[in-house]
Structure formats: structure tokens, C-alpha cells
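Here is how the chains run, residue by residue.
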Amino acid sequence: MTGSDLDGIVDDIEKRIRKDEERRFSEIVIREARNPQNMGRIEDPDRQAMIMGPCGDTMEFSLRTRDGRIEDIRFMTDGCGSSIACGSIATRMVLGKSLEYASDITARDILDELGGLPEENRHCAKLAADTLSKAIRNLTVKEP
Ligand code: FES
């Protein structure tokens, strides 16, 4: 087998994977998973939380607030592409919004914003919503 035969096989496999992704996931999910926004950790955050979901993956949000609004927010996850998409869209949904607004965000809201997820990935939205809600309640105690 030549190098170009191998390249052709790899191209073909990649095309099939992309087609399968496009069949199972909305455009928004694919966009957020491939190009997540606000991924990382805020140094010295006002509020933060991390939760491990039933699947064993973790989700983490850290945020900084000013006058009751979310001035900056980041998420981290070691989970699947769906959890990356959920974390990313959740940060987009609440950035600049009030803490009250953000604390009302549910898994359903995240799923609606993403254009849905396959049944087996819906728990990723719940993990993101639960972690965001916990982070909003978790005031970080700062050193005096
Ligand atoms: Fe565990 Fe997505 S968060 S599979």
C-alpha cells in the first residue's frame, strides 16, 4: 500500500465520521464542540464549582461578577464533545446577564439553545446546568 492509498483511506474515514456527526448533532452543537468559547479557568474567581456527572466526567464553571452581573465566565470539562458544547453555550447564554437570570438556566434551556442532543447525550446538558447553578451559589471566600 502506498502513502497516497493510506491518505485516501484516512480521508474517507474522516468524511464518514463527519457525516455521522452531522446526522446525529445540530450545526450549533458541532460548532460549539469544535470551537468552544470561554473554555478555561478564571484566576481568582468570585464563584466556582465542579461536579462529576454519573458518567464520570467533570464540569467546572468559574466566574467573576460585578454589580450582580456576570462579568466573566469560563468552563472546563474532561467530558465528551457534547459536554464541551453544553459548557460553551451555557457561558454564552449567561455572560453579561444577572446572577438571577443565570441561576434559572436549566438543562432544557441549554438543549433548546443547542438545537437538541441525542438521548444518550442529554445528561451532558444537565451536568452543565447543575454545575452552573452550583457555581452561582458558591461564593469563593477570599483572603482578607
Ligand atoms: Fe459525560 Fe457528556 S458529560 S458523556
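Quick caveat: nothing in here was measured; it's all calculated off a predicted structure.

Trainee: What is the right way to read the pattern of salt bridges from this model?
Mentor: Two side chains of opposite charge can pair, provided their charged atoms sit close to one another. Inspection of every chain in the model, using the stated rule, returns twelve salt bridges. The shortest N-O distance in the salt bridge between E32 and R92 comes to 3.0 Å. Taken together, the residues E32 in helix α2 (residues 27–34) and R92 in helix α3 (residues 81–94) connect sequence positions 60 residues apart. A residue is classified by how much of its surface remains accessible, and R92, at 39% relative accessible area, is partly exposed. Via salt bridges that share partners, R31, E32 and R92 belong to a single interconnected network.

Trainee: It is not clear to me how the packing of α3 against helix α6 (residues 122–137) should be interpreted in this structure. Could you clarify?
Mentor: Orientation of α3 relative to α6, taken along the N-to-C sense of each, is 40°, at an axis distance of 8 Å. Looking at the two axes, α3 sits oblique to α6. Seen from above, α3 lies across α6 with right-handed handedness. In this structure, α3 uses S82, S83, C86, G87 and V94 to contact α6, whose residues at the interface are C124, A125, A128 and L132. Split by residue class, the contact of α3 with α6 holds six nonpolar, three polar and no charged.

Trainee: What is the right way to read the packing of aromatic side chains from this model?
Mentor: We describe a pair of aromatic rings using the distance from one ring centre to the other and the angle between the two ring planes. Tallied over the full model, the rule gives zero aromatic pairs. Positioned above the aromatic ring of Y101, the side-chain terminus of K97 is 5.4 Å from the ring centre.

Trainee: Just checking my understanding: could you explain the environment of S4 for this structure?
Mentor: Relative to the helices and strands, S4 is located in helix α1 (residues 3–24). For S4 and T91, which are 87 residues apart along the polypeptide, the C-alpha to C-alpha distance reads 43 Å.

Trainee: Explain the environment of E71 here, please?
Mentor: Among the secondary structure elements, E71 is positioned in strand β3 (residues 69–77). In contact with E71, other than residues within four places in its own chain, are R64, T65, R66 and L95. For E71, the side chain forms a polar contact with the side chain of R66, separated by 2.8 Å.

Trainee: Sorry, what's going on with the environment of C124 here?
Mentor: Along the chain, the position of C124 falls in helix α6. On the basis of relative accessibility, which here comes to 2%, the residue C124 falls in the buried class. On a C-alpha basis, the gap between C124 and Q37 in space is 17 Å, while along the polypeptide they are 87 residues apart.

Trainee: Before we go on, may I ask you to explain the nonpolar core in this structure?
Mentor: General note: in soluble globular proteins, nonpolar side chains tend to be found buried as a group. Residues F61, C86, V94, I110 and L114 are the most contacted members of the largest nonpolar core, which totals 32 residues. Looking at this core, the elements that each hand over two or more residues are α2, β2 (58–66), β3, α3, α4 (99–103), α5 (107–114) and α6. It is α6 that provides the largest number of residues to this core, a total of eight residues. Leaving out residues up to four positions away in the same chain, C86 has contacts with I110, L114, L117, C124, A125 and A128.

Conventions we followed
Residues numbered from 1 in each chain as written. Predicted model: local features only at pLDDT ≥ 70, side-chain atom pairs only at ≥ 80, totals over all residues. Heavy atoms only, no water. Salt bridge = Lys/Arg side-chain N within 4 Å of Asp/Glu carboxyl O. Helix = DSSP H or I, 4+ residues; strand = E, 2+ residues; numbered from the N terminus. Buried < 20%, exposed > 50% of the residue type's maximum accessible area, 1.4 Å probe, protein only. Axes fitted to C-alpha atoms, helices over the stretch in contact; angles between N-to-C directions. Parallel < 35°, antiparallel > 145°, perpendicular 65-115°, else oblique. Left-handed = near helix turned anticlockwise from the far one by under 90°. Contact = heavy atoms within 4.5 Å. Nonpolar A, V, L, I, M, F, W, Y, C, P; charged D, E, K, R; others polar. Phe/Tyr/Trp six-rings, centres within 6.5 Å; stacked < 30°, edge-to-face > 60°. Lys NZ or Arg CZ within 6 Å of the ring centre and 35° of its normal. Polar contact = N/O pair within 3.5 Å; in protein donor to acceptor, adjacent residues only side chain to side chain. Core = buried A, V, L, I, M, F, W, Y, C linked by side-chain atoms within 4.5 Å.

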